[in-house]
Amino acid sequence: MTTKVIHEANLAEVNQLSDNSAEFVIRPLFYGYGNTMGNSLRRVLLSSIKGAAITSFSIEGASHEYTAIEGVREDLIDIMLNLKNIRFKSHSDEPVEINFEIKGKEAGEEGKVTAGAIKLPADVEVGNPEQVICHIDDPDFTLKMRMVVETGRGYLSIEKSSDDRIHSDMIALDAVFTPVLRVRYKVENTRVGQDMNYQQLTLTVDTDGTITPKEAFEEAAAILINQYTALAGSTTVETAPAPGVEAESDDSGLALPIEELGLSARTTNALINNDIKTVHDLVSLSEVDLKDLKGFGSKALDEVKAKLTELL
């Protein structure tokens, strides 16, 4: 029997490859939905997951990005690039200002200053504390910095960042907010029983450590749901659990054979002749599918609907 129902997607496996990398296996999918789902999830994961980054900063003694800082090995351009590579997680929706200072003799080996040395407020975390900011060559020099960490999605251009600066004396930075570093997907054919007309989607997500791959995956799915729900209006489409996946229900009656439902002989025979053997098989079909069954009339449909209402 051929059904017109588009089955629900099923997250069959989640394989943790490392702390910041995971593989999500979705199967079985309606044919063609592997690429449809894989492409949409990949685009949202790379562009729309909420993250945090430095959008502006200042260093005492440096008035613009071409200033040389006495006592610091790097020039301001190099420091800007290093600051852009620090990965933050902010629990605040408002911009967070951070004041940071460190003496050369307090820095690490060879005067190395890393993101882990920044004293952060309680609502901000750093995902890569090993990221180098600069090297202080003079042990008596004190590096004094101010920076603004903001949350956002996608990419913030330096023009926009400059226009929105909280403090006009700070140097603006363009910012990449997304905490997702890489997304790859693969689509393969898969089978359910003897039917090969299904697909499997394998999606691999790598993050920067400020969010887990599972959190990013679920946020991307939620964003897509919200977008499409707004477009669907009041229209709904009948769905059924993915083939081979048990419906989530505490009702053991789903395994009940059709013969034990107490339907008329004619209705029972019509269902069995269409390879519908249990209540689970029956509830997986929409009303339209039932009408299309061979030898299944309107009276049989009314009888089945009444019985299911009584049973479930």
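This section reports on the structure supplied with the text. (Residues numbered from 1 in each chain as written. Predicted model: local features only at pLDDT ≥ 70, side-chain atom pairs only at ≥ 80, totals over all residues. Heavy atoms only, no water.)

1. Points about the side chain of N274
Piece 1. Checked against the element boundaries, N274 lands in the loop between α5 (265-273) and α6 (279-283).
Piece 2. For N274, a relative accessible area of 11% translates into the label buried.
Piece 3. A polar side-chain atom of N274 sits 2.7 Å from the main-chain carbonyl oxygen of A270. (Helix = DSSP H or I, 4+ residues; strand = E, 2+ residues; numbered from the N terminus. Buried < 20%, exposed > 50% of the residue type's maximum accessible area, 1.4 Å probe, protein only. Polar contact = N/O pair within 3.5 Å; in protein donor to acceptor, adjacent residues only side chain to side chain.)

2. Observations concerning the pattern of salt bridges
Piece 1. Per the stated rule, a full pass over the model turns up ten salt bridges.
Piece 2. When the shortest N-O distance is used, the salt bridge between K50 and D93 registers 2.6 Å. Of the two residues, K50 sits in strand β3 (residues 50-59) while D93 sits in the loop between β4 (88-90) and β5 (96-103), which places them 43 residues apart along the sequence.
Piece 3. In this structure D93 comes out as exposed when scored by relative accessible area, which is 59%.
Piece 4. As a salt-bridge pair, D208 and R87 come within 2.8 Å of each other at their nearest N and O atoms. Residue D208 is located in the loop between β14 (195-207) and α4 (213-232), and its partner R87 is located in the loop between α2 (76-84) and β4; the two are separated by 121 residues in the primary sequence. Here D208 and R87 have matching classes, each one buried. (Salt bridge = Lys/Arg side-chain N within 4 Å of Asp/Glu carboxyl O.)

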